[in-house]
Amino acid sequence: MKNYLIYPCKTMRITQSYTGTTSHLPHTTGAPKDYPIDEGCSDTGRDYIYCPCDGMKVKRIYGVGTGGTNTIWLESTEKVYFADGSKNYCTLLITHPDDADLKKIKVGQIFTRKQKICREGKDGATAYHLHISAGKGKFTGNGWKSNSKGKYVLTCKNGAFKPEALFFIDEAFTKLINDKGLGFKPMPAYSTGKYKVDTAVLNVRKGSGADDKVVGAVLLGQKVTVDKVVGDRGRIGKNRWICLDYCKKVTK
């Protein structure tokens, strides 16, 4: 599967969008700006936030055991595919986890896709939730700065972006309760039909597993018919499977 950036919670119940007047509007109207959301997850308890891509590395942890509001920054270990069609590294900022969770995490630690990172907290807040902001490019500086409205906003190489431009919804992973009208896109899914190979040489494997035995190859521009799909793998004949991430669907 391509390294899609997916929404990092099993339940989407956004309680304040980046236009929220409770506390977020100064983030989006100051300079520089970011686009934070408050995620309340399934209820008023403490759900986890999960790694949203193949790998993310902890770059900084702030506030544990001090008067500062607890915050953690992570950076993708490889470039990711964003919902707006672009590809770049991703920097993720998460605020309000409690000390007990952040004390278990170390700078340099790497999380893998859908691995638990930390739970909702209320350090610096009145109710359990997670304040989430994300952007394109690698972590820069200390990860944030105060803007012209006095709000600390995410900083990264190519800037903060609206969450719906970054995160896909993996509908098999995330249950949608409230997206505050932001209109997140579902993660792309493959279907049967005709495809054209979009890479120089694409391995054909005996089964649908990524490590199954290679039994042949198809070449750039070659068209194949897929009669069964398992995740990102398509069957093009008996015991012949290819990765559809390296193909384009065609009509004829």
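These lines cover the structure that appears in this document, whether it is placed above or below. Worth saying up front: this structure is predicted, and the values here are computed from it rather than measured.

Quick notes on the rules
- Residues numbered from 1 in each chain as written.
- Predicted model: local features only at pLDDT ≥ 70, side-chain atom pairs only at ≥ 80, totals over all residues.
- Heavy atoms only, no water.
- Helix = DSSP H or I, 4+ residues; strand = E, 2+ residues; numbered from the N terminus.
- Buried < 20%, exposed > 50% of the residue type's maximum accessible area, 1.4 Å probe, protein only.
- Contact = heavy atoms within 4.5 Å.
- Areas by Shrake-Rupley, 256 points an atom, 1.4 Å probe, with all protein chains shown as cover.
- Lys, Arg positive; Asp, Glu negative; His and termini not counted.
- Charge placed at Lys NZ, Arg CZ, Asp CG, Glu CD.
- Salt bridge = Lys/Arg side-chain N within 4 Å of Asp/Glu carboxyl O.
- Phe/Tyr/Trp six-rings, centres within 6.5 Å; stacked < 30°, edge-to-face > 60°.

**Observations regarding the overall build of the chain**
Phase 1: When helices and strands are tallied, the chain shows three helices and 24 strands.
Phase 2: Across its three principal axes, the chain shows a C-alpha extent of roughly 60 × 35 × 35 Å.
Phase 3: Looking at the chain residue by residue over its 252 residues, the buried ones come to 47%.
Phase 4: Taking contacts inside the chain between residues at least 6 apart in sequence as the whole, the part at least 24 apart equals 65%.
Phase 5: In the structure as shown, the chain presents an accessible area of about 12,000 Å², 48% of it carried by carbon and sulfur atoms.
Phase 6: Both charge centroids of the chain, one from 42 positive and one from 24 negative side chains, sit 6 Å from each other.

**Let's talk about the pattern of salt bridges**
Phase 1: For the structure on display, the rule yields eight salt bridges.
Phase 2: Between Arg 119 and Asp 101 there is a salt bridge, and its shortest N-O distance comes to 2.8 Å. With Arg 119 in strand E10 (residues 116–119) and Asp 101 in helix H2 (residues 99–102), this pair connects stretches of sequence that are 18 residues apart.
Phase 3: Residue class for Arg 119 comes out partly exposed when judged on its relative accessible area of 22%.
Phase 4: The salt bridge involving Asp 227 is made with Arg 235; its shortest N-O contact spans 2.9 Å.
Phase 5: Asp 227 gets classed as partly exposed once you look at its relative accessible area, which sits at 46%.

**Here we look at the packing of aromatic side chains**
Ring pairs (aromatic) are described by centroid distance and by the angle formed between their planes.
Phase 1: Summed over the entire model, instances satisfying the criterion amount to eleven aromatic pairs.
Phase 2: A centroid spacing of 5.2 Å and a plane angle of 75° characterise the contact between Tyr 4 and Phe 168, whose relative ring orientation is edge-to-face. In this pair, Tyr 4 is assigned in the segment before strand E1 (11–16) and Phe 168 in strand E14 (residues 168–169), connecting sequence segments 164 residues apart.
Phase 3: The class for Tyr 4 is buried, based on a relative accessible area of 7%.
Phase 4: Owing to a relative accessible area of 7%, Phe 168 belongs among the buried residues under this scheme.
Phase 5: With centroids separated by 5.2 Å and ring planes inclined at 70°, the aromatic side chains of Tyr 62 and Trp 144 adopt a geometry described as edge-to-face. Note that Tyr 62 is positioned in strand E4 (residues 55–62) and Trp 144 in strand E12 (residues 139–146), a separation of 82 residues in sequence.
Phase 6: Owing to a relative accessible area of 30%, Tyr 62 belongs among the partly exposed residues under this scheme.

Take it as geometry only, folks, not as evidence of what the structure does.
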